Amino acid sequence: MREPALRRMTSIGGQALIEGIMMRGPEKVAAAFLKPDKTIDVVIKDAPLPAKKYKILGLPLIRGVANMINSLSIGMKFLTESATRAEEYEEAPAEPDKLEMWLEKHFSKETIDNILIGVSMVLGILLPIGLYILLPSFLTSFLRPFIKSSLALNLIEGVIKMGIFLLFLKCTSLMKDMQRVYAFHGAEHKSIYCYEKGLPLTVENIHPQMRFHPRCGTSFLFVVLIVGILVYSFISWNSVWMRILIRLICLPILVGVTYEINRVVGRHDNAVTRIIRAPGLLVQRMTVFEPDDDMIRAAIEAVKPVIPDDGSDKW
């Protein structure tokens, strides 16, 4: 899977939304929402990267964690907005249930949105921790009486994590609504590749680009799992709770290390870097689909506002 030759390597990245795309630049974030009539609504906000505000957050290892938290926060806000817009665009909106009516009666729309974003962020953090740290650790603990090798137990836990991750992606890729989201994901990747190759951002130029990108968030998470398996393989444990505690403590470190690996791999194209990013590119086959013209138009409208004039998006 040979990647295209690039004229520039940008730090600009994005996220697929419900009927839309969000793009994140060094100073701004923009989201383009595709309406049923094929017109596009664009929202642009000033959102400098964490390192722009606090230099310490731009240091190696620290910047990976800071950028991930920042991206998660912004991504959740726009994902919530995309869901709200999708409901508003429906010809026959669903009647609000009792909980929605109670919330609308006691809180303002802004407060409700903040509550939903807060709940989404908490779930967005706790769900992966539960699925990829707590559950595998508990399942592996049942094997401890039969397997004495810590290395073997850690490797088994790693396999369980990998299996859960791939099963989750596969199940979502079979859902009709998610297939459309994953097609917007493809439009995001293709538009970034087009920009990196120095081509004008047009539907005709973006369509032929490869839909798999080495800086994809899916690839990043997959590499986090792989690095975690390698690191945890050399850590022994006496109890399941100690095992979970160690993994929670090490999680920010793994994110920071993986981010630095991702930077190096993203900057260089040789036999070693292609081997490192190959697993992530393969996994993207489940989360990145071919977009249609309207999705690409949305990607163009999202990426253009976040491209800085001074070239500060260099990766």
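See above for the structure.
Here the structure is a predicted model, which means the values were calculated and not measured. (Residues numbered from 1 in each chain as written. Predicted model: local features only at pLDDT ≥ 70, side-chain atom pairs only at ≥ 80, totals over all residues. Heavy atoms only, no water.)

**Q** Break down the pairing of strand β2 (residues 20-24) for me, with residues and values.
**A** Among the 5 residues that make up β2, 5 are buried, leaving the element largely enclosed by the rest of the structure. Between the end of strand β1 (residues 13-17) and the start of β2, which pair antiparallel, lie 2 residues, with Glu19 showing a positive phi angle near 55 degrees. Summarising the sheet, β2 and strand β3 (residues 28-34) pair through 5 bridges and their orientation is antiparallel. By the bridge assignment, Gly20 is partnered in β3 with Phe33. (Buried < 20%, exposed > 50% of the residue type's maximum accessible area, 1.4 Å probe, protein only. Helix = DSSP H or I, 4+ residues; strand = E, 2+ residues; numbered from the N terminus. Pairing = 2+ DSSP bridges.)

**Q** Give me the lowdown on the packing of aromatic side chains, citing residues and values where you can.
**A** Tallied over the entire structure, the rule returns 2 aromatic pairs. Between Phe165 and Phe222 the ring centres are 6.0 Å apart and the planes differ by 25 degrees, which places this aromatic pair in the stacked class. Of this pair, Phe165 sits in helix α5 (residues 150-173) while Phe222 sits in helix α8 (residues 217-232), and the two are 57 residues apart along the sequence. In this pair, the class of Phe165 matches that of Phe222, namely buried. (Phe/Tyr/Trp six-rings, centres within 6.5 Å; stacked < 30°, edge-to-face > 60°.)

**Q** Lay out the packing of helix α6 (residues 176-196) against helix α11 (residues 293-303) in plain terms, naming residues and giving numbers.
**A** Taken N-terminus to C-terminus, the directions of α6 and α11 make an angle of 55 degrees; their axes are 9 Å apart at the nearest point. Of the possible angle classes, the one that applies to α6 and α11 is oblique. The interaxial crossing formed by α6 with α11 has right-handed handedness. Note on element contacts: α11 touches α6 through Met295, Ile296, Ala298 and Ala299, opposite Arg180, Ala183, Phe184, Ala187, Glu188 and Ser191. (Axes fitted to C-alpha atoms, helices over the stretch in contact; angles between N-to-C directions. Parallel < 35°, antiparallel > 145°, perpendicular 65-115°, else oblique. Left-handed = near helix turned anticlockwise from the far one by under 90°. Contact = heavy atoms within 4.5 Å.)

**Q** So, the pattern of salt bridges: which residues are in play, and what are the values?
**A** Evaluated as defined, the whole model comprises 13 salt bridges. Close ionic contact of Lys52 with Glu27 constitutes a salt bridge, the shortest N to O distance being 3.5 Å. Placement of Lys52 in helix α1 (residues 50-53) and of Glu27 in the loop between β2 and β3 is noted, with a sequence separation of 25 residues between them. When its relative accessible area of 45% is taken as the criterion, Lys52 is described as partly exposed. (Salt bridge = Lys/Arg side-chain N within 4 Å of Asp/Glu carboxyl O.)

**Q** For the nonpolar core, give the residues involved together with the corresponding values.
**A** Counting residues in hydrophobic clusters, the biggest one holds 27 residues, and the most contacted among them are Ile21, Met23, Phe184 and Leu201. Looking at this core, the elements that each hand over two or more residues are β2, β3, α6, α7 (203-206) and α11. No other element matches the 8 residues that α6 contributes to this core. Sequence-distant contacts of Leu201, that is, excluding residues within four places in its chain, are made with Ser191, Cys194, Tyr195, Ile206, Ile300, Val303, Lys304 and Ile307. Residues Met162, Ile164, Leu169 and Val283 belong to the second largest nonpolar core, which totals 10 residues. (Core = buried A, V, L, I, M, F, W, Y, C linked by side-chain atoms within 4.5 Å.)

**Q** Kindly report on the side chain of Thr258, identifying the contributing residues and their values.
**A** On the secondary structure map, Thr258 appears in helix α9 (residues 240-267). Overall, the relative accessible area of 1% leaves Thr258 in the buried class. A distance of 2.7 Å separates a polar side-chain atom of Thr258 from the backbone oxygen of Leu254. Setting aside its immediate chain neighbours within four residues, Thr258 contacts Phe220, Val223, Val224 and Val227. (Polar contact = N/O pair within 3.5 Å; in protein donor to acceptor, adjacent residues only side chain to side chain.)

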